[in-house]
Amino acid sequence: LMVTRIRDVVRESRQRDLLGKYVLGNRLGAGGMAEVFEATYCPEGGFERRVAVKKILPAFLANADAVSLFRREARLGAGLSHPN
């Protein structure tokens, strides 16, 4: 019963949340053009992982240069690999 309820909550959250498989938690901080959240990555199948999600601030969404820089940073960060 508890697992079913958790799945329902996650499904509802995904419907409300534009971040899809990421359920946002506490805001950890904000900078000049983005904010960082504690989040849980929870794709279908029950796997969950704690992650940090960096989200561009709404004021910069209309600025193509800012969005391009944000995406470039994301690509570079995704390429990092560290044992810790």
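One can find the structure itself at the top, above this paragraph.
Predicted model, so just to flag it, every value in this text is computed and none were measured.

Asker: I would appreciate a short explanation of the environment of Ala30 in the present structure.
Answerer: Structurally, the position occupied by Ala30 is in strand S1 (residues 22-30). Classification of Ala30 as partly exposed rests on a relative accessible area of 48%. Considered as a pair, Ala30 and Lys54 are 24 residues apart in the sequence and their alpha carbons are 9.1 Å apart.

Asker: Looking at this model, I keep getting lost on the pattern of salt bridges. Mind explaining?
Answerer: Side chains that differ in sign of charge can pair as their charged atoms come close. Per the counting criterion, the structure on display carries three salt bridges. Notably, a salt bridge pairs Arg50 with Glu38, separated by 3.2 Å at the nearest N-O pair. One end of the pair, Arg50, is in strand S3 (residues 49-56); the other, Glu38, is in strand S2 (residues 34-41), and twelve residues separate them in sequence. Looking at Glu38, the relative accessible area reads 24%, which means it is partly exposed. One salt bridge in this structure joins Lys54 and Glu73, with 2.7 Å as the shortest N-O distance. Placement of the pair is Lys54 in strand S3 and Glu73 in helix H2 (residues 64-78), with a sequence separation of 19 residues. A relative accessible area of 39% places Lys54 in the partly exposed class.

Asker: Looking at this structure, how should I read the side chain of Glu35?
Answerer: Relative to the assigned elements, Glu35 resides in strand S2. Within polar-contact distance, the side chain of Glu35 engages the side chain of Arg27 at 3.3 Å. Contact partners of Glu35, with chain neighbours within four places excluded, come to Arg27, Gly29, Ala30, Val53, Lys54, Lys55 and Leu57.

Asker: Would you mind showing me how to read the sheet that holds S1 here?
Answerer: Note on sheets: strands pair through backbone hydrogen bonds, and any given pair is parallel or antiparallel. Reading across the sheet, the three strands line up as S1-S2-S3 and stay open at both edges, with antiparallel pairing between neighbours. Either end of the sheet is taken by a strand with one partner, and the two such strands are S1 and S3. For this sheet, the mean angle separating the axes of adjacent strands, direction not counted, is 30 degrees. Sheet topology note: the S2/S3 ladder contains eight bridges and is antiparallel. What sits directly across from Glu38, in S3, is Ala52.

Rules behind the numbers
Residues numbered from 1 in each chain as written. Predicted model: local features only at pLDDT ≥ 70, side-chain atom pairs only at ≥ 80, totals over all residues. Heavy atoms only, no water. Helix = DSSP H or I, 4+ residues; strand = E, 2+ residues; numbered from the N terminus. Buried < 20%, exposed > 50% of the residue type's maximum accessible area, 1.4 Å probe, protein only. Salt bridge = Lys/Arg side-chain N within 4 Å of Asp/Glu carboxyl O. Polar contact = N/O pair within 3.5 Å; in protein donor to acceptor, adjacent residues only side chain to side chain. Contact = heavy atoms within 4.5 Å. Pairing = 2+ DSSP bridges. Axes fitted to C-alpha atoms, helices over the stretch in contact; angles between N-to-C directions.

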